[in-house]
Amino acid sequence: MWETGPCTGTIGTPDVAELFEDLGLDILETADPALAHNRYIWKGDRLHPLPSSLVSGIQTPLFSWKDKLGILLEPFRPKGNDPEENLASFVKRRLGESILDYAVDPFVSGVYASTPEHVIPKYALPKLYALEEKHGSLILGSIHKMKEPKSERDKKASKKIFSAKGGLSILIETLAKNIGTENISLNAGNLCVSPKGNTFVVSCDGTEQSFTHVIFTGGANRITEACPFLLNRGIDNAFAVNYTKVMEVAVGFEKWEGRCLDGFGALVPSKEGRKILGALFLSSLFKNRAPKGGAMLSVFMGGKRHPEYLDLTDDEVFNIVKDELSSMLNLKDFRPDLFEITRHQNAIPMYDAATPGRQEGYSKAEEMFPGLLLGGNGIGGIGMADRIKQGKALATKLLQAHAR
Ligand SMILES: Cc1cc2nc3c(=O)[nH]c(=O)nc-3n(C[C@H](O)[C@H](O)[C@H](O)COP(=O)(O)OP(=O)(O)OC[C@H]3O[C@@H](n4cnc5c(N)ncnc54)[C@H](O)[C@@H]3O)c2cc1C
């Protein structure tokens, strides 16, 4: 069983926990925390565990001694003064270059398929940015956050890694059943929304219907295709968003003969110059992903650094994955029983300096056309937890408008 899009989410907001409570907790699958927190980083000629304690932090060969000792000085370092500072400069300034190269860079490749130079913490990682902004230090801010009292609702959020039993499509299928499949049109082609008086006419594949409200949650780059009336209103920049390209390769083995897959997965720092961004060990995290004794991996390639990889032929991709996995996971004989490639041409939107303009553009569009609500991964974060939170917020907004 394999995924072709997102593979795992974090129960990072109460909305995620509540969604599963609403749909039935029997579909929720969470990964064993001990395994999920065990993440590997490639350096030199092998994988090293990302340190998760003081002792492992001191012992790890991933970071330089200068940066390990320098952590003690982090609370005393001056606060930055550029709200649009990129993540590379932010981390170098607060934590040091080796931590940027061997912890943050692979994290950014793995989550955003981007580079720390292209990510602005204020927009992409607002919680991290707030630690320095409010407390002057990442360490002091984190300690303060841990001590903050939490409401019963906030306590539902955790670092737990989730999927659905049977894969993430089960989450969507269960949602659809709850909404009522008769209320959902799939594969809608030629979707076009146009305002008419106080309503919106939605046409799609030759049919037309009128609605008081329209919520659009496609990517920022698809909004004006569905809502052409938003063009030439001084907000075109909001919809001109860069999306990174990502290739996802599901690789399955009936019999696994490589190294022990005792963790979440392995990420590759760009300094190491390898051809994959990383691999997730999905069969270690979740049940029934591979036959007993086998393995199911999700390998990622491309991203901001190598968008050209998406143009490689399937054979070329196979050979790269073969070389990379064989050396990284000590596989002598690379003969997978399953090899599925998915190319995402518009995978992840960039939360760069254009982000505030985008948010402003969305708000202006909603003001100009009351009843129109814009969501999607162009605003509010890219992770599934962010998407679920936004979905709930949009639905609540609509219900409130309806009650008025
Ligand atoms: C390869 C990959 C791996 C990822 N891994 C993870 C992960 O492990 N964990 C995680 O939390 N996040 C992950 N993400 C990010 C996450 O998957 C996305 O941000 C999230 O799925 C976006 O959800 P969404 O509902 O906003 O948009 P989408 O899931 O993109 O849904 C938007 C839908 O709108 C439809 N649409 C758009 N325009 C139109 C139109 N004009 N007419 C009709 N339909 C239209 C699209 O076809 C699409 O079905 C990953 C993303 C990618 C690409």
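Residues numbered from 1 in each chain as written. Predicted model: local features only at pLDDT ≥ 70, side-chain atom pairs only at ≥ 80, totals over all residues. Heavy atoms only, no water.

**What about the site of the ligand?**
Here is the rule we go by: One heavy atom within 4 Å of a molecule or strand is enough for the residue carrying it to be called near that molecule or strand. Counted as a polar contact is a pair of N or O atoms within 3.5 Å, where, for protein atoms, one must be capable of donating a hydrogen and the other of accepting one, and residues adjacent in sequence contribute only when both atoms are in side chains. The protein chains shown are the only cover counted for residues, whose accessible areas, like all others here, come from Shrake-Rupley with a 1.4 Å probe. Secondary structure follows DSSP: runs of H or I at least 4 residues long count as helices, runs of E at least 2 residues long count as strands, and numbering of each begins at the N terminus. Note on residue categories: nonpolar means Ala, Val, Leu, Ile, Met, Phe, Trp, Tyr, Cys or Pro, charged means Asp, Glu, Lys or Arg, and polar means any other residue, Gly included.
Near the ligand lie 23 residues; those nearest to it are Cys7, Thr8, Ile382, Met384 and Arg387. Within the side chain of arginine 387, one N or O atom sits 3.1 Å away from an oxygen atom of the ligand. Its free accessible area being 990 Å², the ligand has 67% of it covered by the protein chains. Counting only elements with at least two residues in the shell around the ligand, the list comes to α11 (223–226), β10 (243–253), β14 (338–349) and α15 (384–403). A per-class count over the shell around the ligand returns 11 nonpolar, 8 polar and 4 charged.

**Comments concerning the pattern of salt bridges**
The condition that has to hold: Here, a salt bridge means any Lys or Arg side-chain nitrogen found within 4 Å of an Asp or Glu carboxyl oxygen. Classification of residues uses two cut-offs on accessible area relative to the type maximum, computed with a 1.4 Å probe and protein chains only: under 20% is buried, over 50% is exposed, and between them is partly exposed.
One pass over the full model with this rule turns up 23 salt bridges. The shortest N-O distance in the salt bridge between glutamate 18 and lysine 392 comes to 2.6 Å. Of the two residues, glutamate 18 sits in helix α1 (residues 14–23) while lysine 392 sits in helix α15, which places them 374 residues apart along the sequence. A residue is classified by how much of its surface remains accessible, and glutamate 18, at 11% relative accessible area, is buried.

**Quick word on the packing of α1 against α15**
The condition that has to hold: The axes are straight lines fitted to the C-alpha atoms, using for helices just the contacting stretch, and the angles between their N-to-C directions are given from 0 to 180°. What sets the label is the angle itself: under 35 degrees gives roughly parallel, over 145 gives roughly antiparallel, 65 to 115 gives roughly perpendicular, and the rest give oblique. Residues count as neighbours in contact if any of their non-hydrogen atoms are within 4.5 Å of one another.
As a packed pair, α1 and α15 sit with axes 8 Å apart at the nearest point and diverge in direction by 75°. Classified by the angle their axes make, α1 and α15 are roughly perpendicular. Taking contact as the criterion, the partners of Asp15, Val16, Glu18 and Leu19 in α1 are, on α15, Ala385, Ile388, Lys389 and Lys392.

**Here's the deal with the pairing of strand β5 (residues 161–164)**
Condition: By this definition, two strands are paired if DSSP reports at least two bridges between them.
Side chains of β5 alternate between two faces, with Ile161 and Ser163 and Phe162 and Ala164 buried alike. Relative to β5, strand β2 (residues 28–30) runs antiparallel, the two being bridged by 3 bridges. Paired with leucine 28 across the two strands is alanine 164, which belongs to β5.

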